[in-house]
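Residue strings, one per chain:
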Amino acid sequence: MIIKAARERVFKLTKTLKNPIDLISHIPFRIAIVSNLLALNRDWKIRNLCNLEPREIRVFINIGSYMPIKAADIAYQARLDSYTVSRAVKKLLSLELIEISADKDHKNIKNLVLNAEGAKLYNKLAPALEARSNELESVLSAAEKSQFYAIINKLEDQAEKILAEQAIALIELGNEPPADQKEIIRWYRKGLKE
């Protein structure tokens with residue numbers, strides 16, 4: 001049973017349209033609400049620590065947490081399109097928070113790393129992000145937290161599968177996919193191999 005919030009008493013489904021969507025019981029909508037509430041630029045503590053946009057913070061945190069890392073791997077890990085990652089990387093480079101380093105084994109591969117200034121910022125941001133996460137998770141028991149991660153993994157995999165299969169079907173009909181759809185297909189196929 002879905003526990004519905006007080007807003008259900010306030011927002012009644014319309015009788016004007018046939019089969020309106022009950023957004024209170026609509027998983028994508030509810031996830032979007034939580035995502036909107038957790039947007040990094042809405043968190044005043046985070047905004048006071050850095051002058052970065054949410055996209056730049058996500059890429060920056062990925063670099064700090066997984067460096068050395070390729071931009072393509074950030075896109076895959078965070079499910080961001082390559083254009084978004086590229087714009088964030090350009091901004092982080094211009095702010096002199098990151099550097100590009102050659103891969104030890106493959107000279108043509110470029111990795112992203114934090115420089116000294118970036119490491120200082122990461123060391124301020126990481127504890128604030130961890131505290132934020134701990135505070136959010138405090139409403140869950142250990143069992144609920146484990147169950148949440150199992151459920152969110154299933155939803156992520158299913159969302160990726162739906163998008164990839166839709167894109168593949170449209171390509172098979174002769175459509176030319178935009179870059180973001182090509183990436184979704186690549187991520188989906190990569191996940192199948194893992």
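Remember, predicted model here, so these are calculated numbers, not experimental data.

Asker: What is the right way to read the overall build of the protein chain from this model?
Answerer: Each helix and strand in the protein chain was counted, giving nine helices and two strands. Along its sequence from the N terminus, the protein chain presents helices and strands in the succession α-α-α-α-α-α-β-β-α-α-α. Along the first, second and third principal axes, the C-alpha atoms of the protein chain reach 60 × 50 × 35 Å. A fraction of 51% describes how many contacts in the protein chain between residues 6 or more apart in sequence connect residues 24 or more apart. Carbon and sulfur atoms make up 57% of the accessible area of the protein chain, which amounts to about 13,900 Å² in all. Between the averaged position of the 31 positive side-chain charges in the protein chain and that of its 25 negative side-chain charges there is a distance of 4 Å.

Asker: What am I meant to see in the packing of aromatic side chains here?
Answerer: The relation between two aromatic rings is expressed through the spacing of the ring centres and the mutual angle of the planes. Enumeration over the complete set of coordinates arrives at two aromatic pairs. Ring centres of phenylalanine 60 and tyrosine 122 lie 6.4 Å apart, and the angle between their planes is 55 degrees; on these two criteria the pair is classed as tilted. Here tyrosine 122 lies in helix α7 (residues 116-137) and phenylalanine 60 lies in helix α4 (residues 54-66), a separation of 62 residues in the sequence. By the burial criterion, phenylalanine 60 is buried, and tyrosine 122 matches it. Consider the rings of phenylalanine 148 and tyrosine 149, whose centres lie 5.4 Å apart with planes at 70 degrees: the pair is edge-to-face. The exposure class of phenylalanine 148 is partly exposed, given its relative accessible area of 40%. Directly above the ring of tyrosine 76 sits lysine 190, whose terminal nitrogen or CZ lies 4.3 Å from the centroid.

Asker: Please explain helix α8 (residues 142-172) as it appears in this structure.
Answerer: The periodicity of an α-helix, 3.6 residues per turn, causes residues three or four positions apart to be oriented the same way. End to end, α8 covers 45 Å across 31 residues, agreeing with the expected 45 Å (1.5 Å per residue, within 8%). Within α8 the residues assigned to the buried category are Glu160, Ala164, Ala167 and Ile168. Phi turns positive, to about 100 degrees, at glycine 174, one or two residues after α8.

Asker: Honestly, a nonpolar patch on the surface in this entry has me stumped. Any pointers?
Answerer: On the surface, Ile27, Ile31, Ile151 and Leu155 cluster together into a nonpolar patch covering about 320 Å² of accessible area. When contributions to the nonpolar patch are tallied by element, the ones reaching two or more residues are α2 (27-37) and α8. In this fold, isoleucine 31 is placed in helix α2. Residue classification places isoleucine 31 among the partly exposed positions, given a relative accessible area of 40%.

Asker: Please explain the nonpolar core as it appears in this structure.
Answerer: Looking at soluble globular proteins, one finds that nonpolar side chains tend to be buried together. Leu52, Val59, Phe60, Ile63, Leu92 and Ile98 are the most contacted members of the largest nonpolar core, which has 30 residues in total. When contributions to this core are tallied by element, the ones reaching two or more residues are α4, α5 (71-78), α6 (82-94), β2 (110-114), α7 and α9 (179-193). Looking at this core element by element, the count peaks at five residues for α4. Not counting the four nearest positions on each side in its chain, isoleucine 98 is found in contact with Phe60, Ile63, Val89, Leu92, Leu93, Leu112, Val113, Leu114 and Asn115.

What counts and how
- Residues numbered from 1 in each chain as written.
- Predicted model: local features only at pLDDT ≥ 70, side-chain atom pairs only at ≥ 80, totals over all residues.
- Heavy atoms only, no water.
- Helix = DSSP H or I, 4+ residues; strand = E, 2+ residues; numbered from the N terminus.
- Contact = heavy atoms within 4.5 Å.
- Areas by Shrake-Rupley, 256 points an atom, 1.4 Å probe, with all protein chains shown as cover.
- Lys, Arg positive; Asp, Glu negative; His and termini not counted.
- Charge placed at Lys NZ, Arg CZ, Asp CG, Glu CD.
- Phe/Tyr/Trp six-rings, centres within 6.5 Å; stacked < 30°, edge-to-face > 60°.
- Buried < 20%, exposed > 50% of the residue type's maximum accessible area, 1.4 Å probe, protein only.
- Lys NZ or Arg CZ within 6 Å of the ring centre and 35° of its normal.
- Expected span 1.5 Å × (residues − 1).
- Patch = residues over 30% accessible without salt bridge, like charges linked within 9 Å, V, L, I, M, F, W, Y side chains within 5 Å.
- Salt bridge = Lys/Arg side-chain N within 4 Å of Asp/Glu carboxyl O.
- Core = buried A, V, L, I, M, F, W, Y, C linked by side-chain atoms within 4.5 Å.

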